[in-house]
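Reading the structure
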Amino acid sequence: MEAMTFVLFGSTGDLAKRKIYPALYNLFVDGKIPKSISVVGLGRREMSDADFQEKVEESIHTFSRRVEKDSSLMQHFLSAFRYSQLDATNTEDYKNLLNLVEAREAELNIPSNRMFYLSVAPEFFGTIAEHIKDSGLGATKGWKRLIIEKPFGHDLQSARQLNENLSKAFKEEEIYRIDHYLGKSMVQNLEALEFANPILQSLWNNEHIANIQITASETVGVEERASYYDHSGAIRDMVQNHMLQMLMMTAMHLPARISADDIRNEKINVLKALRPLVKEDMDLDVVRGQYEAGKINGSSVESYVNEPGVSPSSQTDTFLAARLYIDNSLWKGVPFYIRTGKRMAEKATRIVIEFKDSLKELYLDKGETTSPNLLMIEINPHENITLQLNSKNPFNHGHIEPVQINFSGQQEGAPEAYERLIADACAGDSTFFAHWKEVELAWEWVQPLLEAFEENTVPLYKYAAGSHGPDASNALLEKDGFKWWLDE
Ligand code: BG6
């Protein structure tokens, strides 16, 4: 990989501390980023290089998945770090930054490849991009790239505006939009599961699949993020990005080649075929919820509206379930149920593929009930693939019972999502980053939901903390003759 400068805006923030420094360190140790990397951290406060390096080291000791015994490796890594004070709107500060970046490039004798990572509030994205361009920081002889993270806008219009601002300074192929779900190993694995296995590939269609269920439930509540979350809700926080990304990864057609462009095109095709929801009938397909007080793992927790920083009359959705249809030849007629919520019974991100039970009748005649075959893909916190089949149980008079075959376990010490994504961005591989078209189409699909929620035309059901969400979410599947699998 080519040597580069990694310019980190928001270098004293939480994400940098918890995720970015540990990721860079692990990539450095594994030789996945060049040893001659230059890292420049930026922040509003004043700090010496030595203090900055100390903070980086501290974060690695606290958050890295491993710390090597060889301390010279740590010293070598830390020596790459420099700090510069920067106010995102101050032109002078960008000039200083450019001087520092160029001086380090000369000192280390590395090409002017520059990675700009914006780990800051999204309202600064546009300003920073503009300053990168105007200051000359973006005028490199090598490559330049931009990494940003959601939220990419608050609605369709603001997302378009943001993209327009960014595209004044960076071309689409230079922008790496992180959706950390795309960095999860089991989400990345979906592609191989679907396309590298002819057994599954031949069944991956509406002829054999009855429905697909995508769940991302959490036990945590709004935490200390009320000021953000109360204006976002589950729809913006999880559905517009993570849930639709998982939908795209599950439903995409076999691409012509396994390349970033082909995969992202197939994902875009999924969103193009996603049936729009009309405001008038939205309650038939969408269940919106908000948690009330309840118990999580035996401890009592507050209702959403009683959380610090949340308005007592808040109508914000902390839960959302929906039935989606993808109107293309592969998926016509197959419901995709998605569900996400805070303060639910368990922390679980999973995809369950329910196959059609077409031989059921054959066994019913013999008084035996079969269960549908299920492919269960556990994404988080455990990684697992399980296939449920029917089999005779010799200990129960040879009756047919479902058996589960487990294919994989957690891989100890595997790289984390941020590690994989940062490595990919440094290598120029955009497969697991969101293309602008994906983001735009996702907002387009979500927009009528935002409006309906705003106008309160979709009921807001309450659910007890620690439950699986409102009853209406079960009813959504029951009316189609299905149920959420794995709700204990
Ligand atoms: C973030 C959301 O994008 O994803 C959070 O802003 C949410 O509200 C988190 O808790 C969930 O991520 P994970 O990896 O724990 O499933």
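Reading the values: the criteria
Residues numbered from 1 in each chain as written. Predicted model: local features only at pLDDT ≥ 70, side-chain atom pairs only at ≥ 80, totals over all residues. Heavy atoms only, no water. Helix = DSSP H or I, 4+ residues; strand = E, 2+ residues; numbered from the N terminus. Polar contact = N/O pair within 3.5 Å; in protein donor to acceptor, adjacent residues only side chain to side chain. Contact = heavy atoms within 4.5 Å. UniProt positions renumbered as here; feature names shortened; annotations may be inferred. Buried < 20%, exposed > 50% of the residue type's maximum accessible area, 1.4 Å probe, protein only. Core = buried A, V, L, I, M, F, W, Y, C linked by side-chain atoms within 4.5 Å. Domains from an automatic or database assignment. Near = heavy atom within 4 Å. Areas by Shrake-Rupley, 256 points an atom, 1.4 Å probe, with all protein chains shown as cover. Phe/Tyr/Trp six-rings, centres within 6.5 Å; stacked < 30°, edge-to-face > 60°. Pairing = 2+ DSSP bridges. Axes fitted to C-alpha atoms, helices over the stretch in contact; angles between N-to-C directions. 1 Å grid on protein atoms, 1.4 Å probe; cavity = no way out; pocket = protein on both sides within 12 Å on 5 of 7 lines; lining within 4 Å. Points joined across faces, edges and corners; volume = space filled by probe spheres on them. Nonpolar A, V, L, I, M, F, W, Y, C, P; charged D, E, K, R; others polar. Expected span 1.5 Å × (residues − 1). Bend = angle between axes of the 7 residues up to and from the residue.

Some details on the side chain of Glu419
Assignment of secondary structure puts Glu419 in helix 14 (residues 417–427). A polar contact of 2.6 Å, which involves the side chain of Glu419, links it to the side chain of Arg65. Apart from the residues within four sequence positions on either side, Glu419 is in contact with Ala23, Asn26, Leu27, Asp30 and Arg65.

Examining the side chain of Asn241
One can find Asn241 in helix 10 (residues 233–251). Those residues in contact with Asn241, other than ones at most four positions away along the chain, are Lys150, Asp179 and Arg236.

Thoughts on the UniProt feature "binding site: NADP(+)" (unreviewed entry) in the protein chain
The positions that UniProt labels "binding site: NADP(+)" (unreviewed entry) are, in the present scheme, Gly10, Ser11, Thr12, Gly13, Asp14, Leu15, Ala16, Lys17, Arg44 and Lys150. Mapping Ser11 onto the fold places it in the loop between strand 1 (5–9) and helix 1 (14–29). The residue Leu15 is located in helix 1 in this model. Given the relative accessible area of 24%, Leu15 is considered partly exposed. What Leu15 contacts, discounting residues up to four positions off in sequence, is Ile20, Tyr117, Ser119, Glu149 and Tyr418.

Some thoughts on unusual backbone geometry
Of note, the bond from Lys150 into Pro151 is cis; its omega dihedral lies within 30 degrees of zero at 5°. Checked against the element boundaries, Pro151 lands in the loop between strand 5 (144–149) and helix 6 (156–169). Cis rather than trans, the peptide bond between Asn380 and Pro381 has omega equal to 0°. The phi torsion at Asn456 lies on the positive side, around 60°, for a residue other than glycine.

Considering the environment of Ser38
Within the element layout of this structure, Ser38 appears in strand 2 (residues 38–43). Ser38 sits 76 residues away from Arg114 along the chain, and the two C-alpha atoms are 9.5 Å apart.

Overview of the nonpolar core
One broad rule of soluble globular proteins: the nonpolar side chains tend to lie buried together. One finds Phe6, Phe9 and Trp331 to be the most contacted residues of the largest nonpolar core, which totals 149 residues. Residue contributions to this core reach at least three from each of two domains, namely domain 1 (2–148) and domain 2 (180–415 + 433–477). Those residues within four positions of Phe6 in sequence are excluded, and the remaining contacts are Ile20, Leu24, Ile37, Ser38, Val39, Val40, Met115, Tyr117 and Ile422.

Looking at the site of the ligand
Around the ligand, a shell composed of Lys150, His180, Tyr181, Lys184, Glu218, Arg225, Asp237, Met238, His242, Lys342, Lys347 and Asn380 is seen. One of the side-chain nitrogen or oxygen atoms of Lys150 is found 3.1 Å away from an oxygen atom of the ligand. A total of 400 Å² of accessible area belongs to the ligand in isolation, and the protein chains cover 81% of it. If you tally residues by element for the shell around the ligand, the top one is helix 10, at three residues.

Some points on the packing of aromatic side chains
Tallied over the entire structure, the rule returns 18 aromatic pairs. Between Tyr25 and Phe77 the ring centres are 5.5 Å apart and the planes differ by 75°, which places this aromatic pair in the edge-to-face class. One end of the pair, Tyr25, is in helix 1; the other, Phe77, is in helix 3 (residues 71–78), and 52 residues separate them in sequence. Residue Phe77 is classed as buried on the basis of its relative accessible area, which comes to 1%.

So, the sheet that holds strand 11 (residues 319–324)
Spatial strand order, 16-15-14-13-7-12-11-8-17: nine strands in an open sheet with mixed pairing. The outermost strands of the open sheet, each flanked by one partner alone, are strand 16 (399–406) and strand 17 (460–464). Averaged over all adjacent pairs, the angle separating strand axes in this sheet is 20°, with direction ignored. Where strand 7 (residues 209–217) lies against strand 12 (residues 336–341), six bridges are found, and the strand directions are parallel. Bridge pairing in strand 12 links Ser217 to Gly341. Across the sheet, helix 16 (residues 471–478) touches strand 7, strand 8 (286–292), strand 11, strand 12 and strand 17, and the angle it forms with strand 11 is around 10°.

What about the environment of Asn384?
Relative to the elements of secondary structure, Asn384 occurs in strand 15 (residues 384–393). For Asn384, a relative accessible area of 17% puts it in the buried group.

Topic: the domain arrangement of the protein chain
Interface size is commonly expressed as the accessible area that is lost once the parts come together. Domain assignment breaks the protein chain into domain 1 (2–148) and domain 2 (180–415 + 433–477). Centre-to-centre, using C-alpha coordinates, domain 1 lies 36 Å away from domain 2.

Side note on empty space enclosed by the protein
On inspection of all chains with the given rule, the structure shows five cavities of 30 Å³ or more. The computed volume of the largest cavity comes to approximately 80 Å³. In this structure, the largest cavity is lined by Phe152, Asp179, Gln240, Asn241, Gln245, Met248, Ala434, Glu438, Val439 and Ala442. Sorting the residues of the lining of the largest cavity by element identifies helix 10 and helix 15 (436–454) as the ones contributing at least two each. Of all the elements, helix 10 adds the most residues to the lining of the largest cavity, at four residues. Here the lining of the largest cavity is built from residues that sort into five nonpolar, three polar and two charged. Considering only enclosed or pocket space, the second largest cavity measures out at about 50 Å³ in volume. If you go around the second largest cavity, the residues you meet are Ile148, Phe152, Ala159, Leu162, Asn163, Leu166, Arg177 and Trp436.

As for helix 15
Over its 19 residues, helix 15 runs 25 Å from end to end, which matches the ideal 27 Å to within 8%, given 1.5 Å per residue. Roughly 35° is the biggest bend found in helix 15, and it falls at Val446, with proline Pro448 one to four residues downstream. The element helix 15 is largely enclosed, with a buried count of 15 among its 19 residues. Backbone geometry just after helix 15 places Asn456 at a positive phi near 60°.

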